[in-house]
Protein chains: 2
Amino acid sequence: MFDPVEKLKEFIRFPSVSADSKFKEGMRGAQEFVSGLLGSMGFAVEVVKTDLHPIILAHRGGDAAWPHVIIYGHYDVQPADPLNLWQSPAFEPTIRGNRIYGRGAADNKGPLMTHITAVGQLLEQNPNLPLRITFLIEGEEEMGSPSFLPFLERYKDTLKKADLVFLSDTGIPNEKQMVITAGLRGLVTFEIEAVGPKSDLHSGLHGGVLLNPIQALVDLCATLHTPDGRVNIPGYYDDVLDVEPWERDELKKLGGNEADYLKFLGIGSFHTPPGITPFEAVRFFPTLEFNGFGGGYQGEGGKTVIPSRAFVKISCRLVANQDPEKIKALVYRTIEARAPQGVKLRIVDGHTGLPYVVVPPGRTNTPKGQSPVLAQAFRATDAAVTEIWGKSPLYLREGGSVPIIGEIKRVLGLDSVMMGLFLPEDNLHAPNESFDLDVMKKGIETSRRILAAIAKK
Amino acid sequence: MFDPVEKLKEFIRFPSVSADSKFKEGMRGAQEFVSGLLGSMGFAVEVVKTDLHPIILAHRGGDAAWPHVIIYGHYDVQPADPLNLWQSPAFEPTIRGNRIYGRGAADNKGPLMTHITAVGQLLEQNPNLPLRITFLIEGEEEMGSPSFLPFLERYKDTLKKADLVFLSDTGIPNEKQMVITAGLRGLVTFEIEAVGPKSDLHSGLHGGVLLNPIQALVDLCATLHTPDGRVNIPGYYDDVLDVEPWERDELKKLGGNEADYLKFLGIGSFHTPPGITPFEAVRFFPTLEFNGFGGGYQGEGGKTVIPSRAFVKISCRLVANQDPEKIKALVYRTIEARAPQGVKLRIVDGHTGLPYVVVPPGRTNTPKGQSPVLAQAFRATDAAVTEIWGKSPLYLREGGSVPIIGEIKRVLGLDSVMMGLFLPEDNLHAPNESFDLDVMKKGIETSRRILAAIAKK
């Protein structure tokens, strides 16, 4: 059996930034690395071409009566900039203390390697394990998985026969508390560009004459929230579901401490709508967030210029039962209605992602006729976690988005068991991303037990 | 007498970029060239050391009863990059048609050579001309003249005895219409930085919990203007002077065409307060302009991040009678009062520049007791321009800033006669800068007549 940490190092060394075409080589390297590894474990590997980055489909067949688990992961990572804030190079895996540092260490190379290792160990112990396993590993997660839906449609007939999806691309609050993610937020992303004069202008010679594109965007963006922290778009909250009592109970068990959270974020106060705690806000309510704003002179000192254009990058996080297409239409309509005179506004579509919710067996709102293999997987997870982590997992919705989980549900009808593996201090999408090697170790053990328990008895 | 075009070519060949220490040699070359030329014309040249680039002070004395004119200019130029956009090398003067191309051709080497030539011709014709002349030629204009104020303070006692300053560092609308610049806007620049969480955050994991620094700045900046295009800071317009009827008349004579101006700027509509034309707005009213806004992800595509900080770079253009320090205090106080909770705001001081206005003799608001030599200079200018350019000059305020003109007024008590010499198509601060040789020829003749007329009768 391979050493999972050494393998993870190899994996991190490929700079697989999917959103930037400069990293084509790194993308190919990461894909070939994973394909090779799964092939060496006896999986039948198919590298499925897409318009952009291929999807790895690695299959271990068997008797049609055996349960069939799809293990999902992604081999692409976020851009690593600003590079100067990294303590060690982003693509040079470095171990400090019990952590491995590097872009993608936690999102998602470490967790993916956790499951690959668990499967490898399991098959080494029991080469005849009565479980069908399909690894489905994509390369476009960090850019919104544009090829995933066409892929699902194409492979629908085969994949829908599986029983469930098992993955780790969500978080846990600390290294002692496992969380099974019971819901994810959806996503709508887009960019607004404001175009003014045909070239940058001298702010002395022409200042006062025209609407500055930065000002146009600032004025527009300031209308998108109410002062008390809600999104100021008519109809935005219409489809948001009431939170179930058992969900509030789970959240209570999490016992989040507001003072600690403020300290962790490094801020002086929260900014949530009245009566909503930050722990509720991030799980149960939608947002509209400015991810980037640029225009005019960005360098040191000043330059007295009126820029010819400015842009803002926006993402909306949506919660269960909100339809991204409907929200997108609402938001675009509102922006167009509030568009200032004097500049041209252009909305550039980003991507959308479905929100998702899954209810473990025995809750007030567990769907009738929940798949027995899914229920068994949840029970196996509960048992394995209680054994290895010393206490039961919590079943919590999470603020992040894994849009393909909602797509899998919609297209294949399959639910997902999402075993959280990354910690708040892992710095996902930020400089100095890292992954806790003790969590990885416990994760391997947990994954192995869960898969063994799902296998046919 | 030297050939002014040949001398201008020599001058342009020195790459005197003040802001870039790589051009130290070029700066020294240009300085020695000007000092040598003025020395050869009989001037007593003093090269005044400063912390950075020396100031040339070249004096022609005479009887204390003779009028005394300071001729201002600068021997430094803007950086020439992007070099690949130049049709001929930036520091290799090239004549095409009636224009000489090269960095600094118009700003300010051509206009400065115009006045040096005029003085040379005048003294050749009449070596006993009853006029005292001091050339004051700095080398830091293109970097905000940091050494100029200390220099003024140091030489105040000598320089304040002069009668007026004469210069050409402003523009004219076309080669047929001379403009005497009657006012310049002042300047206050600063930057606001909003600091939120201690590092960039994942907008899924934490979105909805805290105030995004971009949102904080957007909300703040949106309060700084009224929808109708005024600056929304209490007291901002208190000291703005009413526009005098003669100023409106001059502007009417300019006959600016709004449709042409829209086309030139490449915009669909102006954005000026009600009842104010764009030609008035740029000359008579202050602005608050966003010169740069940056925060979060600026690259291609998207990144779902909540940035840890964001900034906006702001410049306020001020008009006559507004005090930059007072306005700065008003603006800072307003920003602090409107600072949103949940982020830290930091204001970073930029620089300030005094606005300036000078009223030619015989206007409704000409100051009582205007210096007779200044009045005589304006009348001489009017006569010379009418004779040589075929029509009277216009006396117009301009939207740009030449902060040292206000400093000269404040410290020395001297007014300036600003004879415009560069055309919109001269491409100041841009690639393919050039200077119109016909304008130069007419400028030499005009300057000579003006100086002759100022000389003691």
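From a predicted model like this one, the values you see are computed outputs, not experimental measurements. (Residues numbered from 1 in each chain as written. Chains lettered and ligands numbered in written order. Predicted model: local features only at pLDDT ≥ 70, side-chain atom pairs only at ≥ 80, totals over all residues.)

Summing up its helical and strand segments, chain A has 12 helices and 18 strands in all. Taken against the 2.2 N^0.38 rule, which gives 23 Å for 457 residues, the C-alpha radius of gyration of chain A at 23 Å falls within 12% of a compact globule. Relative to its full complement of 457 residues, chain A shows a buried share of 54%. Long-range contacts, defined as pairs at least 24 residues apart, comprise 79% of the intrachain contacts of chain A with a sequence gap of at least 6. (Helix = DSSP H or I, 4+ residues; strand = E, 2+ residues; numbered from the N terminus. Rg over C-alpha atoms; globule rule 2.2 N^0.38 Å. Buried ≥ 20, exposed ≤ 12 C-beta atoms within 10 Å, placed from the backbone. Contact = placed C-beta atoms within 7 Å.)

Taken residue by residue, the interface counts 65 residues in chain B and 70 residues in chain A. Only helix H5 (213–221), helix H8 (278–284), strand E11 (287–296), strand E12 (305–306) and strand E13 (309–318) of chain B provide two or more residues apiece to the side of chain B that touches chain A. The element best represented in the side of chain B that touches chain A is E11(B), accounting for nine residues. Tallied by class, the residues present in the side of chain B that touches chain A amount to 22 nonpolar, 35 polar and eight charged. Two elements, strand E11 (residues 287–296) of chain A and E11(B), share five bridges in a ladder whose sense is antiparallel. Looking across to E11(B), one finds that A:Gly292 is bridged to B:Gly296. (Nonpolar A, V, L, I, M, F, W, Y, C, P; charged D, E, K, R; others polar. Pairing = 2+ DSSP bridges.)

Among the residues making up helix H1 (residues 4–13) of chain B, those that are buried are B:Pro4, B:Leu8, B:Phe11 and B:Ile12. Down the axis, H1(B) shows its buried residues gathered within 95° of arc, on one side only. (Arc of directions from axis to C-beta.)

This next bit is on the sheet that holds strand E13 (residues 309–318) of chain A. Here we have eight strands laid out as an open sheet, ordered E14(A)-E9(A)-E13(A)-E11(A)-E11(B)-E13(B)-E9(B)-E14(B), and antiparallel in their pairing. Strands at the two margins of the open sheet, each flanked by one partner only, are strand E14 (344–353) of chain A together with strand E14 (344–353) of chain B. With strand direction ignored, the average angle separating the axes of adjacent strands in the sheet is 20°. Two elements, strand E9 (residues 186–195) of chain B and E14(B), share eight bridges in a ladder whose sense is antiparallel. (Axes fitted to C-alpha atoms, helices over the stretch in contact; angles between N-to-C directions.)

A word on the sheet that holds strand E18 (residues 434–436) of chain B. Residues and elements named next belong to chain B. On the basis of which strands lie adjacent, the open sheet formed by three strands has the order E4-E5-E18 and antiparallel pairing. The sheet is open, and its two edges are formed by strand E4 (94–96) and E18, each paired on a single side. Across the sheet, the axes of successive neighbouring strands diverge by a mean angle of 25°, strand direction being ignored. When strand E5 (residues 99–101) meets E18, the two strands line up antiparallel, connected through three bridges. Bridge assignment links Ile 100 to a residue of E18, and that residue is Phe 435. This element, helix H3 (residues 105–125), spans E5 and E18 of the sheet and lies at about 45° to E18.

Formed by 259 residues in total, the largest nonpolar core has its most connected members in A:Val69, A:Leu217, B:Val69 and B:Leu217. One finds B:Leu201, B:Leu205, B:Val305 and B:Ile306 within the second-largest nonpolar core, a separate group that totals five residues. (Core = buried A, V, L, I, M, F, W, Y, C linked by C-beta atoms within 7 Å.)

Moving on, we come to the confidence of the model for chain A. Averaged over all residues, the pLDDT of chain A equals 95, while 100% of them reach at least 70. For this predicted complex, the interface confidence comes out at an ipTM of 0.91, alongside a pTM of 0.87. (pLDDT = per-residue confidence, 0-100.)

Moving on, we come to the domain arrangement of chain A. Residues and elements named next belong to chain A. Structurally, chain A comprises domain 1 (4–184 + 355–454) and domain 2 (186–240 + 286–353). The interface is formed by 10 residues belonging to domain 1 together with 10 residues belonging to domain 2. The set of elements that each furnish at least two residues to the side of domain 1 that touches domain 2 consists of strand E15 (356–357) and helix H11 (403–412). Its residues assigned to classes, the side of domain 1 that touches domain 2 shows five nonpolar, five polar and no charged. (Domains from an automatic or database assignment.)

Let us now look at the packing of helix H4 (residues 148–159) of chain A against H11(A). All names here are of chain A. Following both chains from N to C, one finds H4 and H11 inclined at 40°, their axes separated by 10 Å at the closest point. One element, H4, and the other, H11, form an angle in the oblique class. For the element pair H4 and H11, the recorded crossing hand is right-handed. Within the contact between the two elements, H4 uses Phe 148, Leu 149, Leu 152, Glu 153, Lys 156 and Leu 159 and H11 uses Ile 404, Glu 407, Ile 408, Val 411 and Leu 412. Class assignment of the residues belonging to the contact of H4 with H11 gives a composition of eight nonpolar, no polar and three charged. (Parallel < 35°, antiparallel > 145°, perpendicular 65-115°, else oblique. Left-handed = near helix turned anticlockwise from the far one by under 90°.)

What follows is about the relation of the copies chain B and chain A. Both copies of the chain are placed relative to one another by a rotation about an axis and a shift along it. In screw terms, the move from chain B to chain A is a rotation of 179° and a rise of 2.5 Å along the axis, fitting with an RMSD of 2.3 Å. The share of interface residues of chain B whose copies in chain A are also at the interface is 94%, consistent with both copies meeting through the same surface. (Least-squares fit on C-alpha atoms with pLDDT ≥ 70 in both.)

We now examine the environment of B:Gly208. Within the secondary structure, B:Gly208 is located in the loop between strand E10 (201–202) and H5. Through-space distance from the C-alpha of B:Gly208 to that of B:Gly369 is 65 Å; in sequence the pair is 161 residues apart.

Of note, B:Lys368 is situated in the loop between strand E15 (356–357) and helix H10 (372–389). Of the residues examined, B:Lys368 has 4 C-beta atoms within 10 Å and is grouped as exposed.

Take the environment of A:Glu138 next. Residues and elements named next belong to chain A. For Glu 138, the location among the structural elements is in strand E6 (residues 132–138). Here the alpha-carbon distance between Glu 138 and Glu 244, two residues 106 residues apart in the chain, equals 33 Å. Among all residues touching Glu 138, those that are not within four sequence positions of it are Ile 55, His 74, Ser 145 and Phe 148.

Residue A:Asp107 is joined to A:Asn108 through a cis peptide bond whose omega torsion reads 10°. Looking at the element boundaries, A:Asn108 is found in helix H3 (residues 105–125). A cis geometry characterises the amide bond from B:Asp81 onward to B:Pro82, with omega recorded as 5°. Looking at the secondary structure, you find B:Pro82 in the loop between strand E3 (68–74) and E4. A positive phi angle, close to 50°, is found at B:Ser145, a residue other than glycine. Note on placement: B:Ser145 falls in the loop between strand E6 (132–138) and helix H4 (148–159). The exposure class assigned to B:Ser145 is buried, which follows from the 25 C-beta atoms found within 10 Å. Unusually for a residue other than glycine, B:His429 sits at a positive phi of about 65°.

Helix-helix packing is characterised by the crossing angle of the two axes and by the distance between the axes. Residues and elements named next belong to chain B. At a minimum axis distance of 10 Å, the contact between H1 and H3 shows a crossing angle of 140°. In terms of orientation, H1 lies oblique with respect to H3. Crossing handedness for the pair H1 and H3: right-handed. Contact residues: H1 offers Pro 4, Lys 7, Leu 8, Phe 11 and Ile 12, while H3 offers Ala 105, Lys 109, Gly 110, Met 113 and Thr 117.

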